[in-house]
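# Architecture at a glance
Here are the chains, one letter per residue:
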Amino acid sequence: STKRSYLRIGRLLVFGFLVLIVMDIWQIELRHVASGAVGATVASNFIRLLIILSVGYFFWEIVSLLINRKLAAEDTAAGLDLTSEEPAGGEGGGTGSSRLSTILPLLRFTLQFLVITMTVLIALSNIGINVTPLLAGAGVIGIAVGFGSQKLVGDVVSGLFFLIDDAFRAGEYISIEGTVGTVEKISLRSMQLRHHRGAIHTIPYGEIPKLTNFSRDWVMMKLKFTVPFDTDIKKVKNLFKKIGADVVDLPQFSDDLLQPFKFQGILQTTDVGLVVGGKFM
């Protein structure tokens, strides 16, 4: 996205520069064009319209460029590898993106919408169209939509408070009323969860009564093993301790383990043996 933004901005600047060079070579001035045969008003309005649209497009690309660069930096700092087979950590989730990288896509959409709106209004105003009735009409339509779409407004407001509470971030593994998955996309009114088997769930914020986050800060994993009744428990404890030390030395796990694999003792007895437990953080 950054490369494409650079290319489009570069093309826009080169095109404007070439236009200025051609006008200088042909000795064309804007005031002469405005007073030409096509009429002063039409020519001047057309030129101003082109300039306004070009400036608006330039700001659109600048907003996209800056936010995409910051978003890429945040994902890189969080260790998110989009080239891996399971970039979000797979079935068990994993560390999600930062809080800023979760909000940046929404900020990009808002700023781009603002740039489009301002560009259109300024362009219409400069070609002689009165935009005051348009603004008044937009206000009336907004009020009507607000009354007629209370569910939509409720979804947007709920999503805003979820983001303020920092309940979830992009890339985190969460559960919503039995629906589990990795947060893949966040919009103004809903979120999308990617199940570890590939299915994607779209859930409006207003329909989220409770949310469980499995990727925040730390998680305690517990494992159970069944051994014969005559097993030397002390030997099992030493074996667990050795396994924990070996796993910590592995580079692919060393940065993730907060506490090594530990022995929990005998959890219960069954008809076939003793159930011993181990845990790690």
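These lines cover the structure that appears in this document, whether it is placed above or below. (Residues numbered from 1 in each chain as written. Predicted model: local features only at pLDDT ≥ 70, side-chain atom pairs only at ≥ 80, totals over all residues. Heavy atoms only, no water.)

## Let's talk about helix α7 (residues 233-249)
Stated formally: Put simply, DSSP marks the helices as runs of H or I at least four residues long and the strands as runs of E at least two long, and each gets a number from the N terminus on. The span expected for a helix works out to 1.5 Å for each residue beyond the first. Between buried and exposed lies partly exposed: a residue is buried under 20% and exposed over 50% of the maximum accessible area for its type, with that area taken using a 1.4 Å probe on protein chains only. By definition, the arc is the one covered by directions from the helix axis to the C-beta atoms. We call two residues in contact when some of their heavy atoms are within 4.5 Å. Identification of polar contacts relies on pairs of N or O atoms within 3.5 Å, with a donor-acceptor requirement for protein atoms, meaning one able to donate a hydrogen and the other able to accept it, and with residues adjacent in sequence counted only if both atoms are side-chain atoms.
Taking 1.5 Å per residue, 17 residues should reach 24 Å; α7 reaches 25 Å between its end C-alpha atoms and fits that length. Along α7, the residues that are buried comprise V236, F240 and G244. Projected onto a plane normal to the axis of α7, the buried residues spread over an arc of 80° and lie on a single side. Away from its buried face by more than 90 degrees, α7 exposes K234, K235, K241, K242 and D249. Buried positions along α7 lie against β6 (221-227), β7 (262-269) and β8 (274-280). Structurally, the start of α7 carries an N-cap: the backbone nitrogen of K234 is 3.2 Å from a side-chain oxygen of D232.

## Quick word on the packing of aromatic side chains
Condition: Each Phe, Tyr or Trp ring (for Trp, its six-membered ring) is paired with any other whose centre lies within 6.5 Å, and the angle between the two planes then decides the class: stacked below 30 degrees, edge-to-face above 60, tilted in between.
Overall, the coordinates contain 8 aromatic pairs when judged by the stated rule. Geometrically, the ring pair formed by F225 and F240 is edge-to-face, given 5.6 Å between the ring centres and 75° between the ring planes. Of this pair, F225 sits in strand β6 while F240 is found in helix α7, placing the two residues 15 residues apart along the sequence. The rings of F225, F240, F261, F263 and F280 are connected pair by pair, giving a single aromatic cluster.

## Some details on the pattern of salt bridges
Note the cut-off: For this analysis, a salt bridge means a side-chain nitrogen from Lys or Arg found within 4 Å of a carboxyl oxygen belonging to Asp or Glu.
For the structure shown, the criterion picks out 7 salt bridges. Between D166 and R216 there is a salt bridge whose closest N-O contact spans 3.6 Å. Placement of D166 in the loop between α6 (150-165) and β1 (173-176) and of R216 in the loop between β5 (212-213) and β6 is noted, with a sequence separation of 50 residues between them. The class for D166 is buried, based on a relative accessible area of 13%. A salt bridge links E184 to R194, with the shortest nitrogen-to-oxygen separation between them at 2.9 Å. In this pair, E184 sits in strand β2 (residues 179-186) while R194 sits in strand β3 (residues 190-194), placing the two residues 10 residues apart along the sequence. Looking at R194, the relative accessible area reads 32%, which means it is partly exposed. Through salt bridges with shared partners, a single network forms among D166, R169, E172 and R216.

## Quick word on the pairing of strand β4 (residues 200-204)
Let me state the cut-off plainly: By this definition, two strands are paired if DSSP reports at least two bridges between them.
Here 5 bridges tie β3 to β4, and the two strands are oriented antiparallel to one another. Within β4, the position partnered with Q192 by the bridge is T202. Hairpin remark: β3 followed by β4, antiparallel, with 5 residues in the connecting loop; positive phi at G198, about 110°.

## Some words on unusual backbone geometry
For D166, which is not glycine, the phi dihedral falls at a positive 55°. Positive phi outside glycine occurs at E177, with the angle close to 50°. Looking at E177, the relative accessible area reads 54%, which means it is exposed.

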